[in-house]
Amino acid sequence: MGFFNLFKGSDINQVIQEYQQTPGAVLLDVRTPQEYAEGHIPGSKNVPLASIGQAHSAADRKDAPLFVYCHSGGRSRQAVDLLKNMGYTNVKNAGGIASYRGKVE
């Protein structure tokens, strides 16, 4: 791993595979409802960053595996920090849908 790889975001394609193989995992899309409606990863739940306090509507257990994504990775990084501060213990930043190569709905 080179020095510049330290600054590289998560590979959303690999993280989505991990999500699909994790029992009980929840995939959170923290983009706006309009962005979500324009296309999202199948199975994801929309909890916009501005409403992240409502995460319990998508994940009622604080130890549930949460995989969080947005458009480019910035909002998901913020959401991960906020979720951890809210007591969620198993949260991962999946990155941005902009580099996702799978199916969207």
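The notes below deal with the structure included here.

Here the focus is the overall build of the protein. The number of helices and strands found in the protein is 3 helices and 4 strands. Overall, the protein shows an N-to-C arrangement of helices and strands of α-β-α-β-β-α-β. Taking 105 residues into account, the globule formula puts the C-alpha radius of gyration at 13 Å, and the protein, at 13 Å, falls close to it. Taken along its principal axes, the extent of the C-alpha atoms in the protein is 40 × 30 × 25 Å. Among the 105 residues that make up the protein, the fraction classed as buried is 42%. Of the contacts formed within the protein by residues at least 6 apart in sequence, a portion of 66% connects residues at least 24 apart. Charged side chains in the protein number 11 positive and 9 negative. The centres of these two groups are separated by 3 Å.

Let us look at the pattern of salt bridges. Counting across every chain of the model gives 4 salt bridges. With a shortest N-O distance of 3.0 Å, Asp-63 and Arg-61 are connected by a salt bridge. Using a relative accessible area of 45% as the deciding quantity, one classes Asp-63 as partly exposed.

Let us now look at the pairing of strand 1 (residues 26-29). Taking every second residue as pointing to the same face, both faces of strand 1 are buried, with Val-26 and Leu-28 on one and Leu-27 and Asp-29 on the other. Relative to strand 3 (residues 66-70), strand 1 runs parallel, the two sharing 4 bridges. Within strand 3, the position partnered with Val-26 by the bridge is Leu-66. In this structure, strand 1 lies alongside strand 2 (residues 45-46), joined through 2 bridges in parallel fashion. Paired with Leu-28 across the strands is Lys-45, a residue of strand 2.

Strand order in the open sheet formed by 4 strands is 2-1-3-4, and the pairing between neighbours is parallel. Edge positions in the open sheet fall to strand 2 and strand 4 (91-96), since each of these has one partner strand only. Sheet contacts for helix 1 (residues 12-20): strand 1, strand 3 and strand 4; angle to strand 4, the most-contacted strand, approximately 140°. The strands touched by helix 3 (residues 74-85) are strand 1, strand 3 and strand 4; relative to strand 3, the strand with the most contacts, the crossing angle is about 145°.

All buried positions along helix 1 are accounted for by Ile-12, Asn-13, Val-15, Ile-16 and Tyr-19. Seen from one end, helix 1 has its buried residues packed into an arc of 160°, which puts them on one side. Buried-residue contacts for helix 1 involve strand 1, strand 3 and strand 4. For helix 1, the capping residue at the N-terminal end is Asp-11, with a side-chain oxygen 3.0 Å from the backbone nitrogen of Asn-13.

What counts and how
- Residues numbered from 1 in each chain as written.
- Predicted model: local features only at pLDDT ≥ 70, side-chain atom pairs only at ≥ 80, totals over all residues.
- Heavy atoms only, no water.
- Helix = DSSP H or I, 4+ residues; strand = E, 2+ residues; numbered from the N terminus.
- Rg over C-alpha atoms; globule rule 2.2 N^0.38 Å.
- Buried < 20%, exposed > 50% of the residue type's maximum accessible area, 1.4 Å probe, protein only.
- Contact = heavy atoms within 4.5 Å.
- Lys, Arg positive; Asp, Glu negative; His and termini not counted.
- Charge placed at Lys NZ, Arg CZ, Asp CG, Glu CD.
- Salt bridge = Lys/Arg side-chain N within 4 Å of Asp/Glu carboxyl O.
- Pairing = 2+ DSSP bridges.
- Axes fitted to C-alpha atoms, helices over the stretch in contact; angles between N-to-C directions.
- Arc of directions from axis to C-beta.
- Polar contact = N/O pair within 3.5 Å; in protein donor to acceptor, adjacent residues only side chain to side chain.

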